[in-house]
Amino acid sequence: MKRIIVLSLIFVCAGRFAATEEIVVNQWLFSGDFEVSMPVFSETENLEGEIFTPKDLFAFIPKDISGLYPEAGKKFAWSASHSSKWEKVKADKEGFALLPKSFSGKYLTGYMAFYLETGRWTKGMLEITSRYPFEVYIDGKSIGTKTTREEPEDDPGRWSGELKLTTGNHLVMVRCFHYGSEKNDWSLKGAFTPAEFAGDNVVAAGTSPVMGKNINHVLDGQKAGNVILSPDAARYAIHYSYTYPPDGDSENWTEIRRVSDGSVVKTFRHANISSFEWAPAGDRFSFRTSRQGKASLWLYDLEKGSYYSILEGIENMGSYKWTPDGKHIIFSISEELSGRNSDFKRVHGMRDRIPGFRSRSFLYIVDVETGLRKRLTHGFLTTSLHDISPDNKRIVFSQSWPDYQERPFSKQNVYLMDLSTKEVDTIFKELRWGVSAGFSPDGRKLLMTGGPSAFGELGENIPEGMIANNYDTQAYIYDIGTGRIDPITLDFAPSVSEALWNKPDNLIYLVAQDEDYQRLYTYNPGNRSFTTIDTGVDITSRFRTANSALQAVYTGTSISAPPAVYKMDLKSNRFRILEKPEEEKYRHVRFGENQDWDFISSDGSTIKGRIYYPPGFDKSEKYPLLVYYYGGTTPVTRGFGGRYPFNLYAANGYVVYVLQPSGAIGFGQEFSARHVNNWGATVADEIIEGTEKFLNAHPFIDKERVGCLGASYGGFMTMLLLTRTDIFSAAMSHAGISNIASYWGEGYWGYGYSAEASAGSYPWNNRELYVERSPLYSADRITTPLLMLHGDSDTNVPPGESIQMYVALKILGSPVELVKVAGEDHHILKYDRRIDWNNTILAWFDKWLKSEPEWWEEQYPEKNL
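These notes cover the structure that comes with them. What you see is a predicted model; the values in this text were computed from it and never measured.

### Describing the environment of Asp33
Thinking step 1. On the secondary structure map, Asp33 appears in strand E3 (residues 27-36).
Thinking step 2. Taking relative accessible area as the criterion, Asp33 reaches 8% and is therefore assigned buried.
Thinking step 3. Distance from Asp33 to Leu108, taken between C-alpha atoms, is 5.4 Å for residues 75 residues apart in sequence.

Shown next, in the form of structure tokens:
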């Protein structure tokens, strides 16, 4: 076999590497010659009659190395007092690298590392050779050990094992062990032999940790959740989560930190608390604990360092909210319908199919100082708290119930209650489209959010003959005294995601979907003007203000920037970063460039889009293309993560084109209303037209290697597209809809979503929509290889939607695959299944768009069934 020693990693462009057959590692990174010692009484026999030997010392792992990415010149901290920099060590002509020894302790340990970078999925044999014991890790996971020690006159021992490598850069680390008093060389040799199908120019060994984004970047490590400012904005509470590879074990906790320097004031790690809220004044906060299914609510005083219970042992406790004066808390408790369980269940309407429908939630109030509780509501309908008035005297709450005779099949009443007398005023009765409400700082008005049709035609801004899309959330101001409703966002194109009326400056802050951005705006009720606030990110979310200071916090992310936590001074609108919890994880990740790419459709509409290029993109090369869309009522945002991480696809050698067809919110009400009663008729044409124009405008795309993918409504669009065009070489549908009528009737939310998407249309009055737009009835037109993925417990889009299309295509002899994911609902959430699901998508496109079927065949080998 031809042997080539690779001197260094040379990255020419995506998928191009120095040629190899067997790859002998010529350069390593080394850190160590750390002394390790035997425990006391090592010569004393244990309960099994055994003494502690050097083999036992080697077997003991002294340090966790998961998450470590060695880099030349960087420090590796062995202990608080001892560290060593990673240094490059070259192998000799036989391939052995000599590990440096700076002192002759009795037993030494050290770490050798190199990176295997591959331009495609491959597998091969890794072989490590040394006279001394060692343990081998791949991407932080132990895969094998050699425990023997050979004499100088004997051949050194070997360990070998098969590696299966996804596209990207993989860390191989070897924990080495040496009898330090011996004068024999401490040396190591490594070689990797790729499988024959990989060919030349695919795999290389080197010392650079630079890599593309992979699925472990998406899932693993620390992430920030909710962030809440203290009333005076001096401190903030932040919720963290941490996911540990390789099994996906996780933990969640809350910390309180100083805004000035980020230092920790109090941590609740391992404390199992939830529902953190600052009290309205002072350095006090509340949180909830659970024990044996019962909840307790606690109040902690930071200044005194003491805490006490407000509520204890509450069954089925829901959410809670402080009154503005800090004297009371209003909370909810749910009640289950009594009666025996039965194998036979009479279904009381469509919602009765949904778990939890037969429980109801009611409101209570507790005196924080005395613990005295009062019940506020009762009945057969859930009562939902919206807000508490600034003077602590009133609450606004609502009740909702099904109404299956009129779209959208529910009704809502909104009430004001006087907390002292419990007198109730009905301010809105039988609203067809529900709203949310919050008090103005003076308590005289309500800031309300809801669809354009929430108050009849008052909030609609659409051409005559169109039907409003009520997922396009609007904001309204309701005057409690006069009953007047002001549709403040009537001429405001973005769709409202979050809204709050801030007391210190009397401004309304809106986080709103603006095309594929999510921006922050202020609305001034005095002069009725909107102002865009620069937050420094593409996607702003979780915006919270301080009760008594002009300060705010929020989380933000951008197209190639992981989430971070920000603080903003609302006087100057200046912001700064408080936390970058994922910065270290992405330190070595190289992203490709991004670019907006829009086109004018044949009907004159501007269809927005963007491109993700692979790292090391070279326009003189030919690349496969993935086209992604949703096509439903929400745009595909510029967020960094998500279930479909476009930067990850680009890191696997694909150019990715994401487009925003008609019907999405955030582009104005006329644009979003195009979604209603369309079911892909316009969207399919726009995707096909956009893809054709994209191909013509970008000669670096291979027109014979174009794939398309989407999920849920996007999965429906994938199937529909394949009945209308053959420009795609492969396609993927996750949880897609093949038959609009069966989705409408069977999915938990089918009839509810269709109340907007198919407003007024039913299988009995609009056969053209339910039959002609359903891909199943045109399955004979599909010739493109189609992969359908579906959670077998999906209650949103039932798995039958994929199954019936699979049956049709199998009968028709069309290339199709169906992969069901056990125990998963609409989204694939469990750690190991999420990884396999992601790899299934990539393997499918590698097979059809790169002529690399081996990964797919490894995951799903053919069987004689």
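### A word on the pattern of salt bridges
Thinking step 1. Applying the stated rule across the entire model yields 39 salt bridges.
Thinking step 2. With a shortest N-O distance of 3.8 Å, Arg120 and Glu852 are connected by a salt bridge. Here Arg120, found in the loop between strand E8 (107-118) and strand E9 (122-130), pairs with Glu852, found in the loop between helix H11 (831-849) and helix H12 (854-859); they are 732 residues apart in sequence, far enough to count as distant. Residues Arg120 and Glu852 agree in their burial class; the two are buried.

### Here's the deal with unusual backbone geometry
Thinking step 1. The omega angle of the peptide bond from Pro245 to Pro246 is 5 degrees, so this bond is cis rather than trans.
Thinking step 2. By the element assignment, Pro246 lies in the loop between strand E17 (235-244) and strand E18 (249-258).
Thinking step 3. Pro408 follows Arg407 through a cis peptide bond whose omega is 5 degrees.
Thinking step 4. Among the secondary structure elements, Pro408 is positioned in the loop between strand E29 (394-402) and strand E30 (410-418).
Thinking step 5. One non-glycine residue, Asn316, lies in positive phi territory at about 60 degrees.
Thinking step 6. Among the structural elements, Asn316 can be located in the loop between strand E23 (306-315) and strand E24 (317-322).

### Structural notes on the pairing of strand E37 (residues 508-514)
Thinking step 1. Burial runs high along E37: 7 of the 7 residues are buried.
Thinking step 2. Neither face of E37 is left uncovered, since the one carrying Ile508, Leu510, Ala512 and Asp514 and the one carrying Tyr509, Val511 and Gln513 both have all their residues buried.
Thinking step 3. The hairpin formed by strand E36 (residues 495-501) and E37 contains 6 residues between the paired strands, and Asn506 there has a positive phi angle of roughly 60 degrees.
Thinking step 4. Bridge analysis of E37 against strand E38 (residues 517-524) gives 7 bridges, and the strand direction is antiparallel. Looking at E38, one finds that Ile508 is bridged to Tyr523.
Thinking step 5. Hairpin remark: E37 followed by E38, antiparallel, with 2 residues in the connecting loop; positive phi at Glu515, about 55 degrees.

### A few points about the sheet that holds strand E25 (residues 328-336)
Thinking step 1. Strand order across the open sheet formed by 4 strands is E24-E25-E26-E27, with antiparallel pairing between neighbours. In this open sheet, the two edge strands, each paired with only one partner strand, are E24 and strand E27 (373-375). Put simply, the sheet's adjacent strands are angled 25 degrees from each other on average, direction ignored.
Thinking step 2. Alignment of strand E26 (residues 359-367) against E27, held across 3 bridges, turns out to be antiparallel. When the sheet's bridge partners are listed, Tyr364 is paired in E27 with Arg375.

### What to know about a nonpolar patch on the surface
Thinking step 1. Together, Ile803, Val807 and Ile811 give the surface a local cluster of nonpolar side chains, amounting to about 280 Å² of exposed area.
Thinking step 2. Along the chain, Ile811 falls in helix H10 (residues 800-812).

### Comments concerning the nonpolar core
Thinking step 1. Membership of the largest hydrophobic core comes to 91 residues, with the highest contact counts inside it found for Tyr644, Tyr649, Trp679 and Phe845.
Thinking step 2. Ranked by residues supplied to this core, first place goes to H11 with 9 residues.
Thinking step 3. For Tyr644, the contacting residues outside a window of four places in its chain are Tyr628, Tyr649, Leu709, Ala711, Met732, His734, Trp837 and Ile841.
Thinking step 4. Counting 48 residues, the second-largest nonpolar core is a separate cluster that includes Leu108, Tyr132, Trp159 and Leu163.

### Notes on the sheet that holds E30
Thinking step 1. Across the sheet, 4 strands lie side by side as E28-E29-E30-E31; this open sheet has antiparallel pairing. Edge positions in the sheet fall to strand E28 (383-388) and strand E31 (424-431), since each of these pairs with one other strand and no more. Each neighbouring strand pair of the sheet contributes to a mean axis angle of 20 degrees, computed without reference to strand direction.
Thinking step 2. Both E28 and E29 contribute to a ladder of 5 bridges, which runs antiparallel. The residue bridging Asp387 from the neighbouring strand is Val396, located in E29.

What counts and what doesn't
- Residues numbered from 1 in each chain as written.
- Predicted model: local features only at pLDDT ≥ 70, side-chain atom pairs only at ≥ 80, totals over all residues.
- Heavy atoms only, no water.
- Helix = DSSP H or I, 4+ residues; strand = E, 2+ residues; numbered from the N terminus.
- Buried < 20%, exposed > 50% of the residue type's maximum accessible area, 1.4 Å probe, protein only.
- Salt bridge = Lys/Arg side-chain N within 4 Å of Asp/Glu carboxyl O.
- Pairing = 2+ DSSP bridges.
- Axes fitted to C-alpha atoms, helices over the stretch in contact; angles between N-to-C directions.
- Patch = residues over 30% accessible without salt bridge, like charges linked within 9 Å, V, L, I, M, F, W, Y side chains within 5 Å.
- Areas by Shrake-Rupley, 256 points an atom, 1.4 Å probe, with all protein chains shown as cover.
- Core = buried A, V, L, I, M, F, W, Y, C linked by side-chain atoms within 4.5 Å.
- Contact = heavy atoms within 4.5 Å.

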